[in-house]
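Structure at a glance
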Amino acid sequence: KPNDDQLIIDAGQKHFGAATCTSCGMVYSADNPEDNFQHNQFHQHFVESIKFVGWKKEHVVAEFWDGKILLIMPDDPKYATRKAEEVRRVADSELGFQQGSLSRPTQAKTFLFVSTERRVVGCLVAEHIRQAYRVLEQPDRQTDMTKDDFMERHRAWCCSTIPEPALCGISRIWVFSLARRRRVATRMLDTVRSTFMFGSHLTKDEIAFSDPTPDGKLFATKYCNT
Ligand code: ACO
Ligand code: ZN
């Protein structure tokens, strides 16, 4: 592809020379050897992980002008479950989640948003649950936080101690950095609600987000109130 590895100069960056790789989304200084090394380490694996070659049998659950959503079940063919796992690992490492398998892998349904450029730009893992704890509203402390605080603020949200009934738990939701704010997450969730349980459409109250990140909370708040 012609624009693989092409760089966009990011004028908003603090460090002179910082650029965003258009293939993997990493922001780094091309003239810094250490940055270059880190980027090389990350780039190839990432690009390979989100590459989608097409499958013999695809369970397409939604189609859009800019892509489609596939559903992968635990007992699907190996090529499908392997890709789901590969993308989930990429998402997990970005989310700072422990690498490893899911708590109940036999129950998890994975939804992948595949772009028309044949890249997996969205991943959502949904599981059957019985109850969930509502995230409590907190005073907005976000404005004076930097990216370095990410790990700290990550899990700092308070949850209610009163369990409420829910049916579908979203244990992961991730969208490729260069594909965000284009309703990929919204469309994946809408699709989960209409396909998760056969013959019924889940309300926004019947889905719950586990352990949301700040991005996840902003998105979930918006999604659930609209
Ligand atoms: N800041 C503020 N508002 C946001 C943000 C954000 N970062 N992300 C979404 N929203 C709100 C906006 O109102 C947005 O509408 P708008 O763009 O018209 O203003 C609305 O939510 C819909 O957003 P989408 O475009 O559907 O969301 P997107 O496809 O960008 O995906 C997501 C959101 C999944 C949170 C993405 O930013 C991401 O992958 N972040 C990194 C990983 C992460 O933190 N995932 C959540 C973990 S929590 C969990 O897995 C249970
Ligand atoms: Zn790259």
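Everything that follows concerns the structure shown earlier in this document.
Here is what the cut-offs are and how they apply
Residues numbered from 1 in each chain as written. Chains lettered and ligands numbered in written order. Predicted model: local features only at pLDDT ≥ 70, side-chain atom pairs only at ≥ 80, totals over all residues. Heavy atoms only, no water. Core = buried A, V, L, I, M, F, W, Y, C linked by side-chain atoms within 4.5 Å. Buried < 20%, exposed > 50% of the residue type's maximum accessible area, 1.4 Å probe, protein only. Helix = DSSP H or I, 4+ residues; strand = E, 2+ residues; numbered from the N terminus. Contact = heavy atoms within 4.5 Å. Phe/Tyr/Trp six-rings, centres within 6.5 Å; stacked < 30°, edge-to-face > 60°. Lys NZ or Arg CZ within 6 Å of the ring centre and 35° of its normal. Pairing = 2+ DSSP bridges. Donors = N, O, S within 2.8 Å, 3.2 Å for Na, K, Ca; no water. Tetrahedral: all angles 85-135°; square planar, octahedral: opposite > 155°, others 65-115°. Axes fitted to C-alpha atoms, helices over the stretch in contact; angles between N-to-C directions. Parallel < 35°, antiparallel > 145°, perpendicular 65-115°, else oblique. Left-handed = near helix turned anticlockwise from the far one by under 90°. Nonpolar A, V, L, I, M, F, W, Y, C, P; charged D, E, K, R; others polar. Salt bridge = Lys/Arg side-chain N within 4 Å of Asp/Glu carboxyl O.

On to the nonpolar core. In terms of nonpolar packing, the biggest core is built from 47 residues, with Leu 124, Ile 170, Trp 174 and Leu 189 touching the most fellow members. With six residues, strand E7 (residues 120-128) is the single largest residue contributor to this core. Once residues lying within four places of it in the same chain are set aside, the contact partners of Ile 170 are Leu 124, Val 125, Ala 126, Leu 189, Val 192, Ala 208, Phe 209 and Ser 210.

Once that is clear, we can look at the packing of aromatic side chains. The full count for this structure, using the stated rule, is eight aromatic pairs. Considering the side-chain rings of Phe 42 and Phe 46, the 5.2 Å spacing of their centres and the 25 degrees angle between planes classify their relative orientation as stacked. Highlighted residues: Phe 42 and Phe 46, both in helix H1 (residues 33-50), separated by four residues, approximately one helical turn. On the accessibility criterion, Phe 42 (33% relative accessible area) is partly exposed. The interplanar angle of 55 degrees and the centroid separation of 5.7 Å between the aromatic rings of Trp 55 and Tyr 79 together place this pair among those described as tilted. One end of the pair, Trp 55, is in the loop between H1 and strand E4 (60-64); the other, Tyr 79, is in helix H2 (residues 78-95), and 24 residues separate them in sequence. Members of the aromatic cluster, joined through ring pairs, are Phe 42, Phe 46, Trp 174 and Phe 176. When the ring centre of Phe 196 is taken as origin, the NZ or CZ atom of Lys 109, which lies over that ring, is 4.6 Å away.

As paired strands, E4 and strand E5 (residues 67-72) are joined by four bridges and run antiparallel to one another. Looking at the pairing, Phe 64 lines up with Gly 67 of E5. Between E4 and E5, which follow one another and run antiparallel, lie two residues.

Before going further, it helps to examine the coordination of the zinc ion (ligand 2). Within the first shell, the zinc ion (ligand 2) binds the protein through Cys 21 (SG), Cys 24 (SG), His 39 (NE2) and His 43 (ND1), at distances of 2.0 to 2.4 Å. Bound by four donor atoms, the zinc ion (ligand 2) shows angles of 105 to 118 degrees at the metal and therefore tetrahedral coordination geometry. Spacing between the donor residues of the zinc ion (ligand 2) along the chain follows C-x2-C-x14-H-x3-H. Of this pair, Cys 24 sits in the loop between strand E2 (18-21) and strand E3 (27-29) while His 43 sits in helix H1, and the two are 19 residues apart along the sequence. Both residues of the pair, Cys 24 and His 43, belong to the buried class.

What follows concerns the sheet that holds strand E6 (residues 109-115). Spatially, six strands are ordered E4-E5-E6-E7-E10-E11 in an open sheet, and the strand pairing comes out mixed. Here the strands that pair on one side only, and so sit at the sheet edges, are E4 and strand E11 (207-209). Direction aside, neighbouring strands of the sheet carry axes that sit 25 degrees apart on average. Sheet topology places E7 next to strand E10 (residues 168-175); seven bridges connect them, and they run antiparallel.

Its place among the elements puts Leu 95 in helix H2. Residue classification places Leu 95 among the buried residues on the basis of a relative accessible area of 12%. In this structure the C-alpha to C-alpha distance between Leu 95 and Thr 213, which are 118 residues apart in sequence, comes to 7.8 Å.

The next thing to look at is the packing of H1 against H2. Two numbers describe how H1 lies on H2: the axes approach to 9 Å, and their chain directions differ by 140 degrees. What the angle tells us is that H1 and H2 run oblique. By crossing handedness, the relation of H1 to H2 is classed as left-handed. Along its contact with H1, which presents Phe 46, Glu 48, Ser 49 and Ile 50, the element H2 presents Lys 83, Glu 86, Val 87 and Val 90. When the residues that make up the contact of H1 with H2 are grouped by side-chain class, the tally is four nonpolar, one polar and three charged.

A side chain of one charge can pair with a side chain of the opposite charge if their charged atoms are brought near each other. Enumeration over the complete set of coordinates arrives at ten salt bridges. A salt bridge links Asp 66 to Arg 187, with the nearest nitrogen and oxygen atoms 2.8 Å apart. With a gap of 121 residues between them, Asp 66 in the loop between E4 and E5 and Arg 187 in helix H4 (residues 184-195) connect regions that are remote in the sequence. Given a relative accessible area of 13%, Arg 187 falls into the buried group.

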